[in-house]
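The lines below spell out each chain.
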Amino acid sequence: RQRYGVSEDTPAVVFVGRMNDQKRPWLFLDLAKQARLEGRDVQFIMVGQGPLQDEVASRIASEDLTNVIRILNVPKIEELYSVCDMLVIVSEYEGLPLSMLEAMSVGLPIFSTDVGEISPVLREHTGMEGLKATALEASMDVASRFAGETIAAEYDSCFKRAIDSLKPQRGY
């Protein structure tokens, strides 16, 4: 936690994503601002770069969001996730975000907008009761089901089935 400037006794909430309109980083800053106004001792960590990064930095400074740590890049994101208490996704739209899968693979609970394939995966692997324990239990399954090799094998199998279905039609 020291590496990222978070004290041991402060909950840490993280946003990981491209700083663009789709990811809506200003909503994460709204959460940080509200927590600060309510006197909640929570550290908000924002990781990512993109077209809105200067606007994000300006807002952090102008609104004196001292509870927000800004990090442009984290080489080993699993290290950061391991010291955080929750990943927050506030995207307007998504497919299946890699940040969510990475966080789940180390047992980090997720709080997200209901977009894309996020809800079905979260419903299958987490629950509000014992969220951290459930996330930890699901981490191995998520890590194996969404590993690069697994996904590549599924694409390969799908491609082969598609080719095989064309063979009779084309007389191969």
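Conventions used here
- Residues numbered from 1 in each chain as written.
- Predicted model: local features only at pLDDT ≥ 70, side-chain atom pairs only at ≥ 80, totals over all residues.
- Heavy atoms only, no water.
- Helix = DSSP H or I, 4+ residues; strand = E, 2+ residues; numbered from the N terminus.
- Buried < 20%, exposed > 50% of the residue type's maximum accessible area, 1.4 Å probe, protein only.
- Areas by Shrake-Rupley, 256 points an atom, 1.4 Å probe, with all protein chains shown as cover.
- Core = buried A, V, L, I, M, F, W, Y, C linked by side-chain atoms within 4.5 Å.
- Contact = heavy atoms within 4.5 Å.
- Pairing = 2+ DSSP bridges.
- Right-handed = clockwise from strand over helix to strand, strands pointing away.
- Axes fitted to C-alpha atoms, helices over the stretch in contact; angles between N-to-C directions.

Draft legend 1. Representation of the overall build of the protein chain within the structure. A count of helices and strands for the protein chain gives 7 helices and 5 strands. Listing each helix as α and each strand as β along the protein chain from the N terminus yields β-α-β-α-β-α-β-α-β-α-α-α. Within the span of the protein chain, comprising 172 residues, buried residues form 40% of the whole. Accessible surface computed for the protein chain: about 10,000 Å², of which carbon and sulfur atoms make up 53%.

Draft legend 2. Geometry of the nonpolar core. By size, the foremost hydrophobic cluster in this structure holds 26 residues, and its most contacted members are Val14, Ile45, Leu80, Cys84, Leu87, Met100 and Ile110. Where this core is concerned, the elements lending two or more residues are β1 (12-16), β2 (43-47), β3 (68-71), α3 (77-82), β4 (86-89), α4 (98-105) and α5 (118-125). Sort the elements by how many residues they give to this core and α4 lands first, with 4 residues. Setting aside chain neighbours within four positions, we find Ile110 in contact with Leu87, Ile89, Met100, Ala103, Met104 and Leu122.

Draft legend 3. Spotlight on the pairing of β2. β2 sits mainly inside the fold: 5 of its 5 residues count as buried. In β2, alternate side chains face the same way, and those of Gln43, Ile45 and Val47 on one face and Phe44 and Met46 on the other are all buried. The sheet contact formed by β1 and β2 spans 5 bridges and is parallel. Bridge pairing in β2 places Phe15 opposite Met46. The parallel pair β1 and β2 is bridged by helix α1 (residues 25-37), and the resulting crossover is right-handed. Inspection of the sheet shows β2 paired to β3 by 4 bridges, in the parallel sense. What sits directly across from Ile45, in β3, is Ile69. Note that the unit made of β2, helix α2 (residues 53-62) and β3 has a crossover that is right-handed.

Draft legend 4. Spotlight on the sheet that holds β2. The 5 strands lie next to each other as β3-β2-β1-β4-β5, forming an open sheet whose pairing is parallel. Taken across any chain shown, the strands that pair with only one partner, and hence form the sheet edges, are β3 and β5 (110-112). Mean inter-strand twist for the sheet, computed between neighbouring axes without regard to direction, equals 25°. This element, α1, spans β1, β2, β3 and β4 of the sheet and lies at about 165° to β2. Against the sheet, α4 engages β1, β4 and β5, with an angle of about 165° to β4.

Draft legend 5. Structural view of α4. For α4, the complete set of buried residues consists of Ser99, Met100, Leu101, Ala103 and Met104. Just downstream of α4, Gly107 is the residue with a positive phi angle, here 85°.

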